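The primary structure of each chain is shown beneath.
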Amino acid sequence: MQTYPIPMVPGPVVVPENVRQAYLKPYGSGDLETEFIDLYSRTQRLLKAILDTKDDIVIQSGEGMLALWSALKSCLVPGDRVLTVATGVFGYGIGEMAQSIGADVKTVGFGYDETINDMARIEAAIAEFKPRMITAVHCETPSGTLNPLEELGRLKHAYRVPLFYVDAVAAAGGVPVLTDDWNIDLCLGGAQKCLSAPPDTCFLSVSVKAWEIIEAVNYVGYDALKPFHRAVKDRFFPYTPNWQGVAALHAAAELLLNEGLENSYNRHDIVAQMCRRHLVDMGIDLFPTADAIPSPTVTAANIPEGFTWKAWDRRLRQSGLVVAGSYGPLAEKVFRLGHMGAQADMELMKKALNVIAEALRHR
Ligand SMILES: *Cc1c(COP(=O)(O)O)cnc(C)c1O
């Protein structure tokens, strides 16, 4: 099987050795065992620190998308008004997901190369539409952007919107995510982005208000959140706990907190700045507009002139570098370097930039 010495895909991120080791240990049966309940509780505490929240944390078995779906399906009933603030593939996508389960969705949309900027337009929409839920994406991974959420959280509070749903899958651990300060009720994270764990667990914070609504909605399904409300207390999980996955997530969260969140944020910032500066120096245009906020966890840039995405991808792979293309309207136009988690590494980034420079010299 082909492997690449310079992995720069924005998830799944390369998994560090001690996280891999935690995944591979032989564990008990999981169900009802005291050690599993203890591991789950300790992992919840670490994730609270990473999401900067006092709220409850749910850890589920599945990728980030599971958290996106489980939070929507567990909180919404048909006809509920959802205000979707969208700046990219995931932002608009969440609106479509809410619509598919019967919600009445209104979208305040921006360009895919922009970040949230017109608060007056958003405030007017909240005042007029009176949503039950506001949705937003922190790091819009396909665009390489980072949306500011503080003002949105302030509006949620001021207009007494019951639920603020935030996809922080590609942000949590790599940039400050202030769940409580920003009044977020459902803050969603995944294992395979900035935490550098295998892609089989996801997690989310659930506020007191969100639990109230989840209990009342009483959604039943494999992805339902309700059974997790009292899972630890009752020592009963809705399906066989993913002991390996939670152990890996625990090891990854511990690694991050031992480094220190501030140190991790700085590391991401420095590597991202170097990435953007060098790409621009090489004549490659960054995808986000000059006014947009670029994400410290992923850089999106236009595919250089003279290359199709396929040719560009093939050329970089020849030298051991694997990057990502993008989705939706950005497909074939944008390529991305995922410098998140273990890949927010100066040496790795230097190697990646050298390969890109070389590819351009010989075009
Ligand atoms: C990766 C990602 C997801 C989905 O996570 P998966 O683990 O791929 O299911 C959701 N939202 C954003 C912003 C992401 O970057």
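Thresholds applied
All residue numbers here refer to positions counted from 1 along the written sequence of the relevant chain. Restriction of local features to residues with pLDDT of at least 70 applies here, the model being predicted, together with a cutoff of 80 or more for giving and counting side-chain atom pairs; totals for whole chains, interfaces and linings are based on all residues. With hydrogens and water set aside, each side-chain value is computed from the structure's full complement of heavy atoms. Of the grid points, spaced at 1 Å and generated over the protein atoms alone, those admitting a 1.4 Å probe that cannot get out make up cavities, while open sets with protein on both sides within 12 Å along at least five of seven lines make up pockets; any residue with an atom within 4 Å of a point is treated as lining. Grid points are joined across faces, edges and corners, and a volume is the space filled by probe spheres set on the points. Here a helix means four or more residues in a row that DSSP labels H or I, a strand means two or more in a row labelled E, and each is numbered from the N terminus. Residues are sorted three ways: Asp, Glu, Lys and Arg are charged, Ala, Val, Leu, Ile, Met, Phe, Trp, Tyr, Cys and Pro are nonpolar, and all the rest, Gly among them, are polar. For Phe, Tyr and Trp, where Trp contributes only its six-membered ring, two rings pair if their centres lie within 6.5 Å, and the inter-plane angle classes them as stacked under 30 degrees, edge-to-face over 60, or tilted in between. The cut-offs for exposure are 20% and 50% of the maximum accessible area for each residue type, with area from a 1.4 Å probe on protein chains only; residues under the lower value are buried, those over the upper are exposed, and the others partly exposed. Here, a charge over a ring means that NZ of Lys or CZ of Arg falls within 6 Å of the ring centre while also lying within 35 degrees of the ring normal. UniProt positions are given in the numbering used here, feature names are shortened, and annotations may be inferred rather than shown by experiment. Any two residues having at least one pair of non-hydrogen atoms within 4.5 Å are treated as being in contact. Note on definitions. A residue lies near a molecule or strand when any single heavy atom of the residue is within 4 Å of it. The term polar contact refers here to a pair of N or O atoms within 3.5 Å; inside protein, the definition further demands a hydrogen-donor-capable atom paired with an acceptor-capable atom, and it admits residues adjacent in sequence only when both atoms are side-chain atoms. Working definition of accessibility: Shrake-Rupley area with a 1.4 Å probe, residue cover restricted to the visible protein chains. Think of it this way: a molecule belongs to a cavity or pocket when more than half its atoms come within 2 Å of the grid points there.

Undergrad: Please set out empty space enclosed by the protein residue by residue, giving values where relevant.
TA: Counting across every chain of the model gives 1 cavity of 30 Å³ or more. As a volume, the largest cavity reaches approximately 70 Å³. Contributing to the lining of the largest cavity are 13 residues, with Ile-59, Ser-61, Phe-237, Pro-241 and Asn-242 lying nearest its centre. Broken down by secondary-structure element, the contributors of at least two residues to the lining of the largest cavity are α2 (34–51) and β2 (56–61). The greatest single-element share of the lining of the largest cavity, amounting to 3 residues, is contributed by β2. Tallied by class, the residues present in the lining of the largest cavity amount to 9 nonpolar, 4 polar and no charged.

Undergrad: Tell me about the packing of aromatic side chains, and please be specific about residues and values.
TA: Applying the stated criterion across every chain, the model contains 11 aromatic pairs. Here Phe-36 and Trp-243 contribute two aromatic rings whose centre-to-centre distance is 5.6 Å and whose plane-to-plane angle is 65°, an arrangement assigned as edge-to-face. Here Phe-36 is found in helix α2, whereas its partner Trp-243 is found in helix α9 (residues 243–259), with 207 residues between them in sequence. You can call Trp-243 buried: its relative accessible area is 7%. Measuring from centroid to centroid gives 5.4 Å for Trp-312 and Phe-335, while their planes differ by 70°, and the two rings are edge-to-face. Placement of the pair is Trp-312 in helix α11 (residues 309–318) and Phe-335 in strand β13 (residues 334–338), with a sequence separation of 23 residues. Here Trp-312 and Phe-335 have matching classes, each one buried. Here the aromatic cluster, defined as three or more aromatic residues joined through ring pairs, consists of Tyr-27, Phe-36, Tyr-40, Tyr-222, Phe-228, Phe-237, Tyr-239 and Trp-243. Over the ring of Phe-129 we find Arg-81, and its NZ or CZ is 5.9 Å from the ring centre.

Undergrad: I'd love a proper account of the UniProt feature "modified residue: N6-(pyridoxal phosphate)lysine" (unreviewed entry) in the protein, names of residues and values included.
TA: UniProt's feature table lists "modified residue: N6-(pyridoxal phosphate)lysine" (unreviewed entry) at Lys-193, given in the numbering used throughout. Structurally, Lys-193 is set in the loop between β9 (186–190) and β10 (201–206). The class of Lys-193 is buried, set by a relative accessible area of 12%. Setting aside residues no more than four positions away along its own chain, Lys-193 makes contact with Pro-10, Gly-11, Val-13, Val-169, Ala-170, Met-340 and Gly-341.

Undergrad: Lay out the site of the ligand with the relevant residues and their values.
TA: Surrounding the ligand, one finds Glu-63, Gly-64, Met-65, Phe-90, Cys-139, Thr-141, Asp-167, Val-169, Ala-170, Gln-192 and Lys-193. Measuring from an oxygen atom of the ligand, one finds a side-chain N or O atom of Glu-63 at 3.0 Å. In isolation the ligand exposes 380 Å². Once the protein is present, 91% of that is buried. Taking a 2 Å distance to the grid points as the criterion, the majority of the atoms of the ligand fall inside the largest pocket.

Undergrad: Lay out the environment of Phe-110 with the relevant residues and their values.
TA: With respect to the helices, strands and loops of the structure, Phe-110 is situated in the loop between β4 (104–109) and α5 (119–129). Taking relative accessible area as the criterion, Phe-110 reaches 5% and is therefore assigned buried. C-alpha of Phe-110 to C-alpha of Val-85: the two residues are 25 residues apart in sequence and 8.1 Å apart in space. Not counting residues within four places of it along the chain, the set of residues in contact with Phe-110 comprises Val-85, Ala-86, Thr-87, Tyr-92, Ile-116, Asn-117, Asp-118, Arg-121 and Ile-122.

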